[in-house]
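Descriptive structure summary
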Amino acid sequence: TIPWLRRYRYALDHVTSHAAHDLTACPTIVLLVCTTQEVTNPLETLRALEVPHYLPAQFQNGLWNPANLSRHVLVLHDQVEGPREWDETALRQSLTLTFGSTAALLRINSTA
C-alpha cells in the first residue's frame, strides 16, 4: 500500500471516532438493577443509579444525550436470602408509577 495512506486512515479514524454523527458505540439502553436486600429502599437506590455521574464520559461532556436513552429497571428479590417481610404489591406499584412499564420485579432462588 501507499505509505502515507495507512497513517492518513489511522488519523481519520482516530479523529472521527465518537463524533456526533457516529453513535455506533453509544449504548441504546441503560439497565438499572438492584435487590430488595439493599440498605436503602430499592426505589431510592434506583433513583441514585439514574444520576448522569454513573454514565460514560461521553454523556457527561455532552457528546451523547442521556435523555435519549431508554431506561429499564429490574429489582431482584431472593426468596431464600431476601427479606421475609416486604410488600410486593406496593413495590410493584411504586416501580410502575416511578419508572413506567419498563420496570420489573423478578423473584429468584439462591442456593446458599
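Residues numbered from 1 in each chain as written. Predicted model: local features only at pLDDT ≥ 70, side-chain atom pairs only at ≥ 80, totals over all residues. Heavy atoms only, no water.

Focus: the overall build of the protein chain
Applicable threshold: For the purposes of this entry, the term helix denotes a DSSP run of H or I that reaches at least four residues, the term strand denotes a run of E that reaches at least two, and both are numbered from the N terminus. Each residue is placed in one exposure class: buried if its accessible area under a 1.4 Å probe, protein chains only, is under 20% of its type's maximum, exposed if it is over 50%, and partly exposed if it falls in between. Only heavy atoms enter the contact rule, under which two residues are in contact if any of them lie within 4.5 Å. Methods summary: accessible areas were calculated by the Shrake-Rupley approach with a probe of 1.4 Å, and residue burial reflects only the protein chains presented.
Secondary structure summary: the protein chain contains four helices and three strands in total. Put simply, the protein chain runs from its N terminus to its C terminus through helices and strands in the order α-β-α-α-β-α-β. For the protein chain, with 112 residues in total, the buried portion stands at 23%. Nonlocal contacts in the protein chain, meaning residues at least 24 apart in sequence, comprise 69% of its contacts between residues at least 6 apart. About 7,900 Å² of surface is accessible on the protein chain, with carbon and sulfur atoms providing 57% of the total.

Quick look at the side chain of Thr45
Tracing the chain through its elements places Thr45 in helix α2 (residues 42-49). Under the relative-accessibility criterion, Thr45 is labelled buried at 14%.

Side note on the sheet that holds strand β3 (residues 103-108)
As a reminder, the rule being used: What makes two strands pair is DSSP finding at least two bridges between them. Lines are fitted to the C-alpha atoms to define the axes, a helix being fitted only along its stretch in contact, and any angle between axes, read from their N-to-C directions, falls within 0 to 180 degrees.
Across the sheet, which stays open at both edges, the three strands sit in the order β1-β2-β3 with parallel pairing between neighbours. Of all strands in the sheet, those bounded by a partner on one side alone are β1 (29-35) and β3. Taken over all neighbouring pairs, the strand axes of this sheet differ in orientation by 25° on average, direction set aside. Sheet topology note: the β1/strand β2 (residues 70-78) ladder contains seven bridges and is parallel. In the strand pairing of β2, Leu32 is matched with Val73.

What to know about α2
Test applied: As used here, the arc is the angular range of directions from the helix axis to the C-beta atoms. A 3.5 Å cut-off defines polar contacts: any pair of N or O atoms within that distance qualifies, except that in protein one atom must be a possible hydrogen donor and the other a possible acceptor, and neighbouring residues in sequence count only when both atoms are side-chain atoms.
Among the residues of α2, those classed as buried are Pro42, Leu43, Thr45 and Leu46. Seen end-on, α2 carries its buried residues on one side only, within an arc spanning 160°. Where the residues of α2 are buried, they touch β1, β2 and α4 (88-99). Between the side-chain oxygen at the start of α2 and the backbone nitrogen of Leu43 there is a gap of 2.8 Å, and the oxygen is on Asn41.

Read these as spatial facts, not as claims about activity.
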